[in-house]
Amino acid sequence: MIGRLRGILLEKQPPELLIEVNGIGYEVQMPMSCFYELPNVGEEAIIYTHFVVREDAQLLYGFNTVKERALFREVIKANGVGPKLGLGILSGMTATQFVASVEREDISTLVKLPGVGKKTAERLVVEMKDRLKGWSAGDLFTPFTDAAPTDNGSAAPQSNAEEEAISALLSLGYKPTQASKIVAQIVKPGMTSEELIRDALKSMV
């Protein structure tokens, strides 16, 4: 079991990163609400991981804190929710918002997340409400803010930023037409891919 990585960030391609640990590069997928908090490329990062082994792949999911990882593990225990959907859920809203939505039984907010229909949202509320009792929502994730995400050293050309943002949204489970439409609506000159993804996710919830 790989539970923690400490190394140098080599690449950041939302929602995936490449981190080098003792000469080995690990590909890790992260919820966007964690991704925004990563240091710059070339700097050291510590990532808590959840390792998934399938017949056709071995996947690592990463988080900034142990508690963020613990919430992810609770989410994917819900019937019909796998790691990919869990990644989309915790990218579409912060953990604070997710815990609050479950506690309030706010189905209308949960169904706005990629891949979450009414039945899945109802299942999440029923199965997770008791499990999340006692969780301190305030120390789970830093909520989305209007501050720009960390710059990785250079801004990508605008067309590339839009393509990267759309690609990230597709990876998180959004439909192509939906991803393209929302990016086209919010894009402004000079925006990075991370800014586009952040604003797109905020506008969808």
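Residues numbered from 1 in each chain as written. Predicted model: local features only at pLDDT ≥ 70, side-chain atom pairs only at ≥ 80, totals over all residues. Heavy atoms only, no water.

## Here we look at the overall build of the chain
Step number 1: Helix and strand counts for the chain stand at 9 helices and 5 strands.
Step number 2: When the helices and strands of the chain are placed in sequence order, the string is β-β-β-α-β-β-α-α-α-α-α-α-α-α.
Step number 3: Considering the chain as a whole, with its 205 residues, one finds that 44% of them fall into the buried category.
Step number 4: Nonlocal contacts in the chain, meaning residues at least 24 apart in sequence, comprise 62% of its contacts between residues at least 6 apart.
Step number 5: Split by element, the accessible area of the chain, about 9900 Å² in all, is 49% carbon and sulfur. (Helix = DSSP H or I, 4+ residues; strand = E, 2+ residues; numbered from the N terminus. Buried < 20%, exposed > 50% of the residue type's maximum accessible area, 1.4 Å probe, protein only. Contact = heavy atoms within 4.5 Å. Areas by Shrake-Rupley, 256 points an atom, 1.4 Å probe, with all protein chains shown as cover.)

## Some details on the pattern of salt bridges
Step number 1: What the rule picks out here adds up to 9 salt bridges.
Step number 2: In this structure, Glu74 engages Lys77 in a salt bridge whose closest nitrogen and oxygen atoms are separated by 3.5 Å.
Step number 3: We classify Lys77 as exposed; its relative accessible area is 55%.
Step number 4: Note that Asp199 and Arg198 form a salt bridge whose closest N and O atoms lie 3.0 Å from each other. (Salt bridge = Lys/Arg side-chain N within 4 Å of Asp/Glu carboxyl O.)

## Notes on the UniProt feature "domain: Helix-hairpin-helix DNA-binding motif class" (unreviewed entry) in the chain
Step number 1: The positions that UniProt labels "domain: Helix-hairpin-helix DNA-binding motif class" (unreviewed entry) are, in the present scheme, residues 73-92 and 108-127.
Step number 2: Between the end C-alpha atoms of residues 73-92 the distance is 17 Å, and the span holds 65% helix and 0% strand.
Step number 3: The span residues 108-127 shows a helical share of 65% and a strand share of 0%, and its end C-alpha atoms are spaced 17 Å apart. (UniProt positions renumbered as here; feature names shortened; annotations may be inferred.)

## Points about helix 9 (residues 193-204)
Step number 1: With 12 residues, helix 9 should cover 16 Å at 1.5 Å per step; its first-to-last C-alpha distance of 17 Å lies within 8% of that length.
Step number 2: Ser193, Glu194, Glu195, Leu196, Ile197, Arg198, Ala200, Leu201 and Met204 are the residues of helix 9 that are buried. (Expected span 1.5 Å × (residues − 1).)

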